[in-house]
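Coordinate inspection notes
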Amino acid sequence: MRISAFLDIPGQDNLTPLARLEKYAFSDNIFNRQIIARGLLDVLRDFSGNEEDFLTVMEIVVRLSEDAEPTLRTELMEQIPQIAIFLQESRPHFPRAFSEYLLPILVRYLTDPNNKIICKMIPMLGRQAVEQALLPRFCDLCSDVKLFQVRKVCAANFGDVCNAVGQEATEKFLIPKFLELCSDSAWGMRKVCAECFMAVSYTTSSEVRRTNLSPLFINLISDPCRWVRQTAFQSLGPFISTFANPASAGLYMKEDGTLSIRPPIED
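The model shown is predicted, which means the values in this text are computed figures rather than measured ones.

1. Description of the pattern of salt bridges
Within this structure, the stated rule accounts for 8 salt bridges. The residue Arg-63 makes a salt bridge to Glu-22 at a minimum N-O spacing of 3.0 Å. Of this pair, Arg-63 sits in helix H5 (residues 51-65) while Glu-22 sits in helix H2 (residues 17-25), and the two are 41 residues apart along the sequence. On the accessibility criterion, Glu-22 (35% relative accessible area) is partly exposed. Among the ionic pairs, Asp-67 bridges to Arg-33, the shortest N-O distance being 2.7 Å. Of the two residues, Asp-67 sits in the loop between H5 and helix H6 (70-90) while Arg-33 sits in helix H3 (residues 30-38), which places them 34 residues apart along the sequence. Like Arg-33, Asp-67 is buried.

2. Examining the packing of aromatic side chains
Tallied over the entire structure, the rule returns 8 aromatic pairs. On the numbers, 4.8 Å between centres and 25° between planes, the contact of Phe-217 with Phe-239 is stacked. One end of the pair, Phe-217, is in helix H14 (residues 206-221); the other, Phe-239, is in helix H15 (residues 226-241), and 22 residues separate them in sequence. A single burial state applies to Phe-217 and to Phe-239, both of which are buried. On the basis of an interplanar angle of 75° and a centroid distance of 5.3 Å, the ring pair of Phe-239 and Phe-243 is categorised as edge-to-face. Ring pairing ties together the aromatic residues Phe-138, Phe-158, Phe-178, Phe-197, Phe-217, Phe-239 and Phe-243, which thus form one cluster.

3. Thoughts on the packing of helix H11 (residues 158-182) against helix H12 (residues 187-195)
It is the contact of H11 with H12, at a shortest axis distance of 8 Å, that shows an interaxial angle of 130°. Accordingly, the angle class assigned to the pair H11 and H12 is oblique. Of the residues in H12, those touching H11 at Phe-178, Leu-181 and Cys-182 are Met-189, Arg-190 and Cys-193. Taken together, the residues that form the contact of H11 with H12 break down as 5 nonpolar, no polar and 1 charged.

4. Some points on the UniProt feature "repeat: HEAT" (unreviewed entry) in the protein chain
UniProt feature "repeat: HEAT" (unreviewed entry): in the numbering of this structure it lies at residues 134-173. Across residues 134-173, the secondary structure splits into 85% helix and 0% strand, with the terminal C-alpha atoms separated by 12 Å.

5. Some remarks on the side chain of Thr-204
Counting through the fold element by element, Thr-204 comes out in the loop between helix H13 (197-202) and H14. Thr-204 gets classed as buried once you look at its relative accessible area, which sits at 2%. Reaching out from Thr-204, the side chain makes a polar contact with the backbone oxygen of Ser-201 at a distance of 2.9 Å. In this structure, Thr-204 is in contact with Gln-167, Thr-170, Glu-171, Ile-175, Arg-209 and Leu-213, ignoring residues within four places of it in sequence.

6. Things to note about the confidence of the model for the protein chain
For the protein chain, the average pLDDT comes to 81, and 81% of its residues sit at 70 or higher. Per-element confidence in the protein chain is highest for H14, whose mean pLDDT is 93, and lowest for helix H1 (residues 3-7), whose mean pLDDT is 57.

7. With respect to H15
Taking 1.5 Å per residue as the helical rise, H15 with its 16 residues ought to reach 22 Å, and the 24 Å between its terminal C-alpha atoms agrees with that figure. At Ser-235, H15 shows its largest kink, close to 40°, and the proline Pro-238 lies no more than four residues downstream. Val-228, Thr-231, Ala-232, Ser-235, Phe-239 and Ser-241 are the residues of H15 that are buried.

The rules behind each value
- Residues numbered from 1 in each chain as written.
- Predicted model: local features only at pLDDT ≥ 70, side-chain atom pairs only at ≥ 80, totals over all residues.
- Heavy atoms only, no water.
- Salt bridge = Lys/Arg side-chain N within 4 Å of Asp/Glu carboxyl O.
- Helix = DSSP H or I, 4+ residues; strand = E, 2+ residues; numbered from the N terminus.
- Buried < 20%, exposed > 50% of the residue type's maximum accessible area, 1.4 Å probe, protein only.
- Phe/Tyr/Trp six-rings, centres within 6.5 Å; stacked < 30°, edge-to-face > 60°.
- Axes fitted to C-alpha atoms, helices over the stretch in contact; angles between N-to-C directions.
- Parallel < 35°, antiparallel > 145°, perpendicular 65-115°, else oblique.
- Contact = heavy atoms within 4.5 Å.
- Nonpolar A, V, L, I, M, F, W, Y, C, P; charged D, E, K, R; others polar.
- UniProt positions renumbered as here; feature names shortened; annotations may be inferred.
- Polar contact = N/O pair within 3.5 Å; in protein donor to acceptor, adjacent residues only side chain to side chain.
- pLDDT = per-residue confidence, 0-100.
- Expected span 1.5 Å × (residues − 1).
- Bend = angle between axes of the 7 residues up to and from the residue.

Following this line, the structure appears as structure tokens:
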């Protein structure tokens, strides 16, 4: 159900949809706030016909991004790529929306105390920005000895980070961290590493695949935990595919992280 339908439900408050949006966005009930955060793109589209209303919605987005509940900030962070694309397309009509509202949210989230924000921002930034602003912090979090959940989030997003920084930085900074995560004492961590193995391998050179990643993968398919072994065997085919020559095999990585095959080009 579109969020607009939620805001148009007749009630006893006699409020306009815009006023009802503000009411739910700052409700004491976190469920109401989460509904608004998840449907922000629909809200922006519905209110894009009037610049004053649209900028009012953007002000609500900014206030919502400062919510004390970290899970809600994460929900909002997941919507930002789609919102950014929408604002970029609508920029001729609302030039202030991106620079004055959305960009400050991104800058503030770079230092957000909730460490899950970081991984969501990786695909939105250029290679140089990722290496300078996020890579050192990400490497530190991969070695966080206090919280298993922090390391698990890093492992789950490892392929995206490798893809964002490229082969040189991956082999220099990230592969040593990946070796640590694949040898983590928690089986759930090793399972997550097995799931993203192909994405990590795709970013490295054939030499690193052969000398570093292959022995590591053999360890995973021989892991004492059957859940890790099962996941590793499911990733075996995709991992093997990264050894193929893309020029002759036509294999390439799509933007969503999945492996695909280009149709053959006739002479």
